[in-house]
Amino acid sequence: MPESEIIREIEVFDATPRVVSLERRANRLKQLLLHAKEHSPYLSKLYRDIDPENFTLNELPVQERAILEQNFEEWVTDPAIRKDDAKAFLSNPENMATPFMGKYSLVTTSGTSDAPLIVVRDKLHQEVHQAFRLKRLLGRIPPELFRPDCNRIAIILLKNAPSANYISYVKLKRLFPEKSENILGLSTIEPIPELVRKLNEFQPATLCGYSSLLGVLALEQIHGRLQIAPSLILSSAEQLTEATIAALRNAFENCTVLNDYCAAEGGEIAMTCPCGKLHVNEDWIILEPVDEEDRPVCPMEISDSVLVTDLSNFVQPIIRYRLDDRVQPMSKPCRCGSKRQLITVHGRESDVVIFENILLPSIVFTTLMNDMPGVLSYQFAQTQRNRLEFRAVYPDETDRTAFFNALNERVSHILRGNGCTHVQFVASDTLPKSSARGGKLKSVTSEIWQNFAEEEE
Ligand SMILES: [Zn+2]
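Residues numbered from 1 in each chain as written. Predicted model: local features only at pLDDT ≥ 70, side-chain atom pairs only at ≥ 80, totals over all residues. Heavy atoms only, no water.

Engineer: Looking at this model, I keep getting lost on the overall build of the protein chain. Mind explaining?
Structural biologist: What the protein chain contains, in helices and strands, is 14 helices and 20 strands. Relative to the globule expectation of 23 Å for 457 residues, the C-alpha radius of gyration of the protein chain, 22 Å, shows essentially globular dimensions. With the C-alpha coordinates aligned to their principal axes, the bounding extent of the protein chain is approximately 60 × 55 × 50 Å. Within the protein chain, the proportion of its 457 residues that are buried is 54%. Sequence-distant contacts in the protein chain: of pairs separated by 6 or more residues, those separated by 24 or more amount to 65%. Split by element, the accessible area of the protein chain, about 20900 Å² in all, is 50% carbon and sulfur. Charge-centre separation for the protein chain: the mean point of 51 positive side chains lies 4 Å from the mean point of 63 negative side chains. (Helix = DSSP H or I, 4+ residues; strand = E, 2+ residues; numbered from the N terminus. Rg over C-alpha atoms; globule rule 2.2 N^0.38 Å. Buried < 20%, exposed > 50% of the residue type's maximum accessible area, 1.4 Å probe, protein only. Contact = heavy atoms within 4.5 Å. Areas by Shrake-Rupley, 256 points an atom, 1.4 Å probe, with all protein chains shown as cover. Lys, Arg positive; Asp, Glu negative; His and termini not counted. Charge placed at Lys NZ, Arg CZ, Asp CG, Glu CD.)

Engineer: Just checking my understanding: could you explain the coordination of the zinc ion for this structure?
Structural biologist: When four donors bind a metal tetrahedrally, each ideal donor-metal-donor angle is 109.5 degrees, and when six bind octahedrally, the ideal angles are 90 or 180 degrees. Those donors, Cys273 (SG), His279 (NE2), Cys334 (SG) and Cys336 (SG), are the protein atoms that reach the zinc ion, and they lie 2.1 to 2.3 Å from it. The coordination sphere of the zinc ion comprises four donor atoms, whose angles at the metal cover 100 to 113°; the geometry is tetrahedral. For the zinc ion, all donor residues lie on one chain, and their spacing in sequence is C-x5-H-x54-C-x1-C. Separated by 61 residues along the polypeptide, Cys273 in the loop between strand E8 (267-272) and strand E9 (278-280) and Cys334 in the loop between strand E13 (326-329) and strand E14 (342-346) bring together distant segments of the chain. (Donors = N, O, S within 2.8 Å, 3.2 Å for Na, K, Ca; no water. Tetrahedral: all angles 85-135°; square planar, octahedral: opposite > 155°, others 65-115°.)

Engineer: Explain the environment of Pro204 here, please?
Structural biologist: Positionally, Pro204 belongs in the loop between helix H9 (192-202) and strand E5 (206-209). Overall, Pro204 belongs to the buried group, its relative accessible area being 2%. For Pro204, the residues in contact, after removing those within four places along its chain, are Arg152, Ala154, Leu199, Ile228, Ala229 and Pro230.

Engineer: Looking at this model, I keep getting lost on the nonpolar core. Mind explaining?
Structural biologist: Across soluble globular proteins, you tend to see nonpolar side chains buried next to one another. Counting 64 residues, the largest nonpolar core has Leu60, Tyr261, Ile269, Leu287, Val308, Leu323 and Ile343 as the members making the most contacts within it. No other element matches the five residues that helix H8 (residues 164-175) contributes to this core. Every residue in contact with Tyr261, bar those within four places of it in the chain, is listed here: Gly267, Glu268, Ile269, Ala270, Leu278, Leu287, Val306, Leu323, Asp325, Val327, Ile343 and Val345. Within the second largest apolar cluster, 29 residues are counted, among which are Leu240, Ile245, Ala247 and Ile363. (Core = buried A, V, L, I, M, F, W, Y, C linked by side-chain atoms within 4.5 Å.)

Engineer: Would you explain the sheet that holds strand E10 (residues 285-290) in this entry?
Structural biologist: Each strand in a sheet pairs with another by means of backbone hydrogen bonds, the pair being arranged parallel or else antiparallel. Strand order across the open sheet formed by three strands is E10-E11-E12, with antiparallel pairing between neighbours. What marks the edges here is a single partner per strand, and that holds for E10 and strand E12 (318-323). Put simply, the sheet's adjacent strands are angled 20° from each other on average, direction ignored. (Pairing = 2+ DSSP bridges. Axes fitted to C-alpha atoms, helices over the stretch in contact; angles between N-to-C directions.)

Engineer: Help me out: how do you make sense of the packing of aromatic side chains in this one?
Structural biologist: The relative placement of two aromatic rings is captured by the distance of their centres and the angle of their planes. For the structure on display, the rule yields 11 aromatic pairs. On the basis of an interplanar angle of 20° and a centroid distance of 6.1 Å, the ring pair of Phe380 and Phe425 is categorised as stacked. Separated by 45 residues along the polypeptide, Phe380 in strand E17 (residues 377-384) and Phe425 in strand E19 (residues 424-427) bring together distant segments of the chain. A single burial state applies to Phe380 and to Phe425, both of which are buried. An angle of 85° between the planes, with centres 5.9 Å apart, marks the rings of Tyr394 and Phe403 as edge-to-face. (Phe/Tyr/Trp six-rings, centres within 6.5 Å; stacked < 30°, edge-to-face > 60°.)

Engineer: For this particular structure, what's the right way to read helix H12 (residues 362-370)?
Structural biologist: In an α-helix, one turn spans 3.6 residues, which is why side chains three or four residues apart end up on the same side. Taken across its nine residues, H12 has eight buried, putting it largely inside the fold. Of the positions making up H12, those classed as buried are Ser362, Ile363, Val364, Phe365, Thr366, Thr367, Leu368 and Met369.

Engineer: Help me out: how do you make sense of the side chain of Arg322 in this one?
Structural biologist: Looking at where Arg322 falls in the secondary structure, it is placed in strand E12. Looking at Arg322, the relative accessible area reads 14%, which means it is buried.

Engineer: What is the right way to read the sheet that holds strand E7 (residues 256-263) from this model?
Structural biologist: With mixed pairing, nine strands are arranged side by side in an open sheet as E4-E3-E5-E6-E7-E8-E9-E14-E13. Each edge of the open sheet carries a strand with a single partner, namely strand E4 (183-187) and E13. Between one strand and the next, the sheet's axes are offset by a mean angle of 30°, whatever the strand orientation. Pairing geometry for E9 and E14, over two bridges, is antiparallel.

Engineer: Would you take a moment to explain the pairing of E5 for this structure?
Structural biologist: In the case of a regular strand, side chains alternate between the two sheet surfaces. Side chains Thr206 and Cys208 of E5 all project onto a buried face; the interleaved residues Leu207 and Gly209 project onto the opposite face, where all are buried too. When E5 meets strand E6 (residues 232-236), the two strands line up parallel, connected through four bridges. Paired with Thr206 across the two strands is Leu232, which belongs to E6.

Engineer: Before we go on, may I ask you to explain the state of the cysteines in this structure?
Structural biologist: Covalent bonding between the sulfur atoms of two cysteines is what defines a disulfide. Applying the stated criterion to the full structure yields zero disulfides. Here Cys208 is not disulfide-linked; the sulfur of Cys255 is the nearest cysteine sulfur, at 11 Å. Taking relative accessible area as the criterion, Cys208 reaches 8% and is therefore assigned buried. No disulfide involves Cys262; its sulfur sits 11 Å from the nearest other cysteine sulfur, which is in Cys208. We classify Cys262 as buried; its relative accessible area is 12%. (Disulfide = S-S within 2.5 Å.)

The structure is reproduced here in structure tokens:
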């Protein structure tokens, strides 16, 4: 479909009564299900009892990432896609932002303790989600804020990982080779003082990054160490919490803060409207906030996880796929007038650790682990004010001592670089612990309040 046609469809969706638009969406779901049943060996088995002409969404089983990952080649609907080819393609940085097999885009998930999942996106997905960005997210933003020939743009990236931010960065560099000096790529694992120094020197008009790091930068600006005056801050990938939005608004005057709630698996799920609220792109996305038993939560109730369905990607169907985000469906309509589903995304508890009054976001540690294969699952746990524990499940072939020594060197470097000089980093015999609520494993967790409460009792 040409871009103009998709944009027109988006406009029509917004102008049509919601109930009519949702019928349209139900039809899209049916098309996707038919395609999945016919072309994905894995889903065909899973949906063998589902009648595509007569089914409801909640009859479809919930999809868990770890299981899908193991069945990757039977899950995709193009039998020519091999996991090894995709991995080899992704491992070559030259391929970043070039199509895989001449037509697909490849991204991987990041920032969690499981093995990264490769996500293949087809042309329709790329067109639809690009149209969402242009129309709903950036439609009201002066385009020159994304032009390095007019403005300076700083992007915080997961270096050497094919995340959406990194791909945008590479694409931008290729589009404006002669203005490369106006595009600054910063790594998520750089120590905060280093990020602050580079940003002060660069003075970006546009700053793109991850919510947890943007929150830290807001505090740096409030404390006067960071002194920049961006016109636009764009947060993507991680959820931007209300607290972070408030901190950013407080720290940066006359700056538009945009929130793009997206995931490698679902694409552009929801975006901020002119009121700064998040609306789901429900023409092509179905988002179900659910409780621990996978029942839909009531309005205003905070979900335990969300199930996402992306109606635009036929090559690797994402249908009722679980994302570990806590989402609150809002009950009142938004002042902007949009009828699309309104949500608030809540950060997961303790997704930061704080040592010596210095806040370190989880992404600092999860990025590091993406570069260090050798464990099956892991957890960084702050167990005391100045103690960080590493828990892991090691396969037999991993030399634990060598692995921990290499990790220790890198973690110590991060801690020292951020000014946390008295933190003890220790290898623990404890296995990674799942949270009491929902039983999910957090890659980075702080247990000091819990321990503190135990001490009090
Ligand atoms: Zn709104």
